[in-house]
Structure formats: structure tokens, C-alpha cells
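# Topology and contacts: notes
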Amino acid sequence: MAGGAAMARSAKIVERGGKGSGGKAEAGLGREALLSAYHDMLLIRRFEEKAGQLYGMGLIGGFCHLYIGQEAVVVGVQMALSAGDQVITSYRDHGHMLATGMDPRGVMAELTGRRDGYSHGKGGSMHMFSREKNFFGGHGIVGAQVSLGTGLAFANRYRGNDRVAVTYFGEGASSQGQVYESFNLAALMKLPVLFVIENNKYGMGTSVERSSASHDLSKNGAPWGIPGAQVDGMDVTAVHAAAKTAIAHCRAGEGPYLLEMKTYRYRGHSMSDPAKYRSREEVQKMRSERDCIDHARQQLADLGVEESELKAIDDAVKKQIQEAADFAQASPEPDPAELWTDVLAEA
């Protein structure tokens, strides 16, 4: 029975619309919602591990930025969104794609540059989109997505709907001028945009302590009256609770909100980064003491979830990711004519 429930969850990332659940766990997640969050974080973790493996085999080329360690951020926020809400992020984007419900097979096929990928093999790791899932892309230009995400919120206000645009960016991008220009416009027009800073402590190889005079990035929107909060980004229940509050604020017409997620990436900035700017002991300490998946697993155990059910979820996720890898490698190369599709040309 536990195995059947796990297989049902593994069919795809669970799509949510701000639904509630039965009894309460820490920060308001019930048993089923926490099981779903655990599955989704595990799916992202296993996907990224497989992507790293395929990169090492030479099957993925170009840039590849893994999300391992940060899974609680996007899963917790996504759980608080409603149908129609939009998501836009940076180049560390695979986890966001999966959290919005994009098919792991299509994402992996794009990573390997195949015809069945979301961008037909032309976008690779950093440039995938899905209008169906309201995912408006990973973006390779640092911080560019902040202005675009603000534009999505402007479109929502212009159209008079109640959608919220979630705009993710890292602490390395948080001091850019275009970010503050976006804050100003969002506050001036009371746009329904949630700004999420994924502070994983290192912008490429530079620690946030060395790059930012502000050590509380949640206050960066204060000059424009944008409320903000620091959140434990390694705890999916804390992320969900903060996101729920912030999204309700945006949806009610109160303007933008800023969340600083204090998180951590276990791998280098990209697959080509040996990460010599930090010690192995630092990374191991975070893995052993603060891992978001281990934390959720312990919460579930406290709620009475049997180890066998968690094992069944893990087995089902591993199978799904292997199927995605097999699908990607079996997918054909793009037709050369694909070079000329989706290109805007002057008449």
C-alpha cells in the first residue's frame, strides 16, 4: 500500500493550488503535504545527481549549474502558489523546472541537447521554458530575470487578474542596479511580485560577507517600503510558511514582498568549479547537520510515517530519473533545420 502511494506520487511533480491538508506539523504542513514535499525535493536531488553524472560522461555540454542542497526553497515556495502564478529564475534552474511540474524526461533531453527537450535541443541547461507550466525560464545573464519577473507582475496588474509572479535570484545578483530599479517600479505600482533571494553564501567563488555590506538581504527592499523576511531555506516547512504569507500579501494588492532564503549549495558554482574557496569540512557539516531532505525525513518519522514508505518513494524516484536519462539518450539529435525556427528576423 505504501509502495502504491509512492508510485502515484512519482508519476510527476505534484501540482498544487495552495491546498491545505489535515493535521498540522511544524510550520503548518500536514502529513500528506510533507510527504509530497519530501518526494519533490528528492526528485530534484536525484535528477541533479544524474545530471552531474551525465555531464562527467560528456553527454551534457556547456554550462551546468546544479541545485543540490537548495531543494527546500523552490519546493516550499511552489507549494504556496496557485494555478496561473508564474515563475522565473536564473541559470541554476533545473529544480525550478521540476517543481513547476515540467517533465523530467523533457528537461533531461534538453540538457543533453536532444530533439525532445523543452527547447528542442537548442537551449541546454540555462534556457528552458514552459508556457503550459507558467515557467518563464532560466536566464544566463546574471540578474536579468529580476526585471523580466517584474514585467510579468506588471502584465498581471494590467490585465486585472490575481496572479503572482515569483522571481528568484541569488545573493550575488542582489546588489545589481537593475534589481533596485525593479524594486522601485514594483513598489511604485504595487505590483504582485514575490522577490526570492536564494542566498547560498557564495556568488561564484566569493562569499556574501565579502561582496555585500548588507548582511540581512531581506532588508534590501526597505527604502521602497517592501516588506521582507529572512527564512531558513534548509527547512521546507519554514519556507512554505513564509511564502504563504508573502504570496497572500502580493495577491491582496499590497505590492511586492522580499524573502531571503538562507540556503547552501553542496556542489561548486557550476560543474567546472572545484570550489576551493571553502573547506570540505564546511560542506560536510552542512550536509550532516542541515540537509533539507534529511530534516523532512525526520519530521515525517515524527508524524508516524514508516521507513518502508519513505524507501518506496526513494525507489520510485530513482526509477523515474533513470527512465528520464534513458529517454534523453535515446532521443535523436535536432534536425539542422531547427537552427532557423523560433528566430525573430526583420522583414
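Computed from a predicted model, the values in this text were never measured in an experiment. (Residues numbered from 1 in each chain as written. Predicted model: local features only at pLDDT ≥ 70, side-chain atom pairs only at ≥ 80, totals over all residues. Heavy atoms only, no water.)

## What to know about the confidence of the model for the protein
Confidence in the prediction for the protein averages 91 pLDDT; 92% of positions are at 70 or higher. Below pLDDT 50 for its whole length, residues 1-27 participates in 59 contacts with residues either more than four positions away or in separate chains. (pLDDT = per-residue confidence, 0-100. Contact = heavy atoms within 4.5 Å.)

## What to know about the pairing of strand E7 (residues 257-262)
With five of six residues buried, E7 lies mostly within the body of the structure. In the sheet, strand E3 (residues 193-199) pairs with E7 via six bridges, with the strands oriented parallel. Its bridge partner being in E7, Leu 194 is matched across the sheet by Tyr 257. Examined bridge by bridge, strand E6 (residues 228-232) and E7 share five bridges and lie parallel to one another. Bridging across to E7, Ala 229 finds its partner in Leu 259. (Buried < 20%, exposed > 50% of the residue type's maximum accessible area, 1.4 Å probe, protein only. Helix = DSSP H or I, 4+ residues; strand = E, 2+ residues; numbered from the N terminus. Pairing = 2+ DSSP bridges.)

## Quick look at helix H5 (residues 104-111)
With seven of eight residues buried, H5 is to be regarded as a mostly interior element. The complete set of buried residues in H5 reads Pro 104, Gly 106, Val 107, Met 108, Ala 109, Glu 110 and Leu 111. Each element contacted by the buried residues of H5 is listed here: helix H2 (31-56), helix H4 (94-99) and helix H12 (307-330). For H5, the capping residue at the N-terminal end is Asp 103, with a side-chain oxygen 2.9 Å from the backbone nitrogen of Arg 105. Just downstream of H5, Gly 113 is the residue with a positive phi angle, here 70°. (Polar contact = N/O pair within 3.5 Å; in protein donor to acceptor, adjacent residues only side chain to side chain.)

## With respect to the packing of aromatic side chains
In this structure the tally under the stated criterion is seven aromatic pairs. Ring geometry for Tyr 180 versus Trp 224: centroids 5.6 Å apart, planes at 20°, classification stacked. Placement of Tyr 180 in helix H7 (residues 177-188) and of Trp 224 in the loop between helix H8 (208-211) and E6 is noted, with a sequence separation of 44 residues between them. On the basis of relative accessible area, Trp 224 is assigned to the partly exposed category, the value being 29%. One aromatic cluster is present, built from ring pairs that chain together Tyr 180, Phe 183, Phe 195 and Trp 224. Positioned above the aromatic ring of Phe 327 is the side chain of Arg 105, whose terminal nitrogen or guanidinium carbon lies 5.0 Å from the ring centre. (Phe/Tyr/Trp six-rings, centres within 6.5 Å; stacked < 30°, edge-to-face > 60°. Lys NZ or Arg CZ within 6 Å of the ring centre and 35° of its normal.)

## Some words on unusual backbone geometry
A positive phi is found at Met 204, a non-glycine position, where the angle reads about 55°. Here Met 204 shows up in the loop between strand E4 (202-203) and strand E5 (206-207). Of note in the backbone geometry, Ala 275 takes a positive phi value of approximately 55° without being a glycine. Looking at where Ala 275 falls in the secondary structure, it is placed in the loop between E7 and helix H10 (280-290). For Ala 275, a relative accessible area of 13% puts it in the buried group.

## With respect to the packing of H2 against H5
Each pair of packed helices can be summarised by the angle the axes make with each other and by the distance between the axes. H5 packs onto H2 with a crossing angle of 25° between their chain directions and a minimal axis gap of 11 Å. Considering the angle they form, H2 stands roughly parallel to H5. Here the hand of the crossing between H2 and H5 comes out right-handed. Facing H2, whose interface residues are Leu 43, Phe 47, Lys 50, Ala 51 and Leu 54, H5 presents Pro 104, Val 107, Met 108 and Leu 111. When grouped by side-chain class, the residues that make up the contact of H2 with H5 number eight nonpolar, no polar and one charged. (Axes fitted to C-alpha atoms, helices over the stretch in contact; angles between N-to-C directions. Parallel < 35°, antiparallel > 145°, perpendicular 65-115°, else oblique. Left-handed = near helix turned anticlockwise from the far one by under 90°. Nonpolar A, V, L, I, M, F, W, Y, C, P; charged D, E, K, R; others polar.)

## Concerning H7
Taking 1.5 Å of rise per residue, twelve residues should cover 16 Å, and H7 covers 17 Å from first to last C-alpha, within 8% of that figure. For H7, the set of buried residues is Val 179, Ser 182, Phe 183 and Ala 186. For H7, the buried positions fall inside an angular range of 105° around the axis, keeping them on one side. Across from the buried face of H7, at angles greater than 90 degrees, the exposed residues are Glu 181 and Leu 188. At the C-terminal side of H7, Lys 190 shows a positive phi close to 50°. (Expected span 1.5 Å × (residues − 1). Arc of directions from axis to C-beta.)

## Points about the pattern of salt bridges
Taken as a whole and assessed by the stated rule, the structure comprises 17 salt bridges. For Glu 338, the salt bridge identified is with Lys 122, shortest N-O distance 3.6 Å. Remark: Lys 122 occurs in the loop between H5 and helix H6 (144-159) and Glu 338 occurs in the segment after H12; sequence separation between them is 216 residues. Classification of Lys 122 by relative accessible area gives partly exposed; the value is 38%. Here Lys 219 and Asp 216 are joined by a salt bridge, their closest N and O atoms 3.8 Å apart. The class for Lys 219 is exposed, based on a relative accessible area of 57%. (Salt bridge = Lys/Arg side-chain N within 4 Å of Asp/Glu carboxyl O.)

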